[in-house]
Structures are given as C-alpha cells and as structure tokens.
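# Structural features, examined
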Amino acid sequence: MECTGGHVSGVETAVKSPSKAFSIKCDRLFGTGMVFQILWRAIKGNPFMDGFPAYTAEEASAEALRVYEDRRIPGLLQTASYAAALESGNVLRGKITQEQADARVSFLMERQQLLTKIPLVTLHVIMDESCLQRTIGGPKVMIDQFRKIEEMFKRPKTTIQVAPNSIGATHPLAHPVTLLTMPGRGTLGYTETLQRGFVEKDLDTLHQWGGDYDQLQVEAHPQAASLGLIQQVREDLEHG
C-alpha cells in the first residue's frame, strides 16, 4: 500500500478518511476492479441516486452484462460529451449541481474501464430505437456518439442490437434493466425508478427478467442490421 500500518489502521477504524489514491491502491492490490473507488465516492458526498453505488460495486466484478435501455444511449457506450449533455439537463432542472454533474461524468468514464479489463467482459446491449432518435447535445455530439457505438461493434465478446419501435405493445420490458453474470455464474439484476436504483437478487424475479430479455433479443434487429441502422442515422445527421 506504500503507507504505514498506522495509516491503514486509521482508515479501518474511521479515525482517518481515505483518499482517492488510497482507494485506487486498494483496488490494485486486491484485484477488485473499482469497488474501493466506488466506496470512496459514496463517503465523499455521493452525487448518485440511492442504490446506484451498490450496483456499480457489483458491476465491477461481473463477468458478463446484459443491458437494456430506452430513450438514451446506455452509459457504458456513452461519450463524455453525450454524458455531459445529459447531465446538463439535470443541472438546468435544479436536480443536481454542476459539480455533481461533473462527478457523474467523470465516474462514468472510469466505469467504462470495465470493458477493457482482462479477461474481457462479455457485453450484450439492446437499446430501443428511441435512443437513436432523441437528440442530446446537438448533431455533433450525436454524430460522435454514433461513431463510438460503431467502433464498439468491433470489440470482441460484444453484441449490440436495436429494438425497433414497431415492436409496440408487445415490448416485454417497461423499464431499463441490467443483468449481471457474477463469478460462480450467479446472477444479479438492476433497475431504477425516478427516485432510486435497486439491486435485485430474488431468483424468481431474475428468471422473469431474463426471459423478457431473451424475448426482446429475438425481436430486436440482428447485429448487422442494427449497425446499418446506426450508420444510416449518423449519415443523415452528417448530411443535414
């Protein structure tokens, strides 16, 4: 840890407050991804909704992620500019401060390091077509965002699908959902209301979510068609 035993003891007993550098060293030493960094943020004026830090601590250890999102690009695929534009809306509505918005964007960029760790995490993303149609931050931000997603198609162990609006009333998922495959093949889920996030561990609920996700996967555009749709939307923006 490159610090004295007395300092470690002080942190353990809450006599001393850990620094960000201390949390980074802990994650490196114990191979815990970003767990200690997430906990450090939680005790330093957490800018996130209740339940989200608990989820990200689990996400950091996951071996596979199945993500469904509507209305906005999923966080792990977002550019910093797109994320900042999203958070600017929360600032304008008085939901958070600019400092909290900056902290959220910074943490999202750190979370995305999950996709570069070895061994590679398996990632399956399904996003509604509405995610492509809702302009966030203006055309340039959206063009750069679509280019990043196009690059993500090249990442090994990655599947990205777009669920068409034509699914209509038979759409199986009413809220964004993430399903994590944990070491040992256990499963956790996560979803959010307007007020808070929930880490789901109930097996019956997770089984239902998994079945709904599988159904949506079948009804969504295949990988190649999804890439073509994203490219077409980007090109339309580029050409006015």
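These lines cover the structure that appears in this document, whether it is placed above or below.

What counts and what doesn't
Residues numbered from 1 in each chain as written. Predicted model: local features only at pLDDT ≥ 70, side-chain atom pairs only at ≥ 80, totals over all residues. Heavy atoms only, no water. Helix = DSSP H or I, 4+ residues; strand = E, 2+ residues; numbered from the N terminus. Rg over C-alpha atoms; globule rule 2.2 N^0.38 Å. Buried < 20%, exposed > 50% of the residue type's maximum accessible area, 1.4 Å probe, protein only. Axes fitted to C-alpha atoms, helices over the stretch in contact; angles between N-to-C directions. Parallel < 35°, antiparallel > 145°, perpendicular 65-115°, else oblique. Left-handed = near helix turned anticlockwise from the far one by under 90°. Contact = heavy atoms within 4.5 Å. Nonpolar A, V, L, I, M, F, W, Y, C, P; charged D, E, K, R; others polar. Salt bridge = Lys/Arg side-chain N within 4 Å of Asp/Glu carboxyl O. Pairing = 2+ DSSP bridges.

Along its length, the protein carries 10 helices and 6 strands. Relative to the 2.2 N^0.38 estimate, which gives 18 Å for 240 residues, the radius of gyration of the protein is 19 Å and therefore close to what a compact globule would have. Its C-alpha atoms give the protein principal-axis dimensions of about 60 × 40 × 35 Å. Across the 240 residues that make up the protein, the buried fraction comes to 44%.

The subject of this paragraph is the packing of helix H8 (residues 139-152) against helix H10 (residues 223-238). Packing of H8 against H10 leaves a shortest axis separation of 9 Å and a crossing angle of 155°. Put simply, H8 runs roughly antiparallel to H10. Here H8 runs over H10; the crossing is left-handed. Where H8 approaches H10, its residues Pro139, Met142, Ile143, Phe146, Arg147, Ile149 and Glu150 are matched on the opposing element by Leu227, Ile230, Gln231, Val233, Arg234, Leu237 and Glu238. Residue classes in the contact of H8 with H10 are distributed as 9 nonpolar, 1 polar and 4 charged.

Our focus in this paragraph is the pattern of salt bridges. This structure, assessed with the given rule, holds 12 salt bridges. In this structure, the salt-bridge partner of Glu59 is Arg111, at a minimum N-O distance of 2.8 Å. Of the two residues, Glu59 is situated in helix H4 (residues 52-59) and Arg111 in helix H6 (residues 98-111); the sequence distance between them amounts to 52 residues. Using a relative accessible area of 11% as the deciding quantity, one classes Arg111 as buried. Between Glu151 and Lys154 there is a salt bridge whose closest N-O contact spans 3.2 Å. The class of Glu151 is partly exposed, set by a relative accessible area of 47%. Look at the salt bridges and you will find they share partners, linking Arg147, Glu150, Arg234 and Glu238 into a network.

Another aspect to go through is the sheet that holds strand E5 (residues 187-192). Within the open sheet, the 6 strands sit side by side as E3-E2-E1-E4-E5-E6. Their pairing is mixed. A strand with exactly one partner marks an edge of an open sheet, and here the two such strands are strand E3 (158-163) and strand E6 (197-200). Here the average twist between neighbouring strands, direction ignored, is 10°.

Fair warning: the whole summary comes from geometry, so function is off the table for now.
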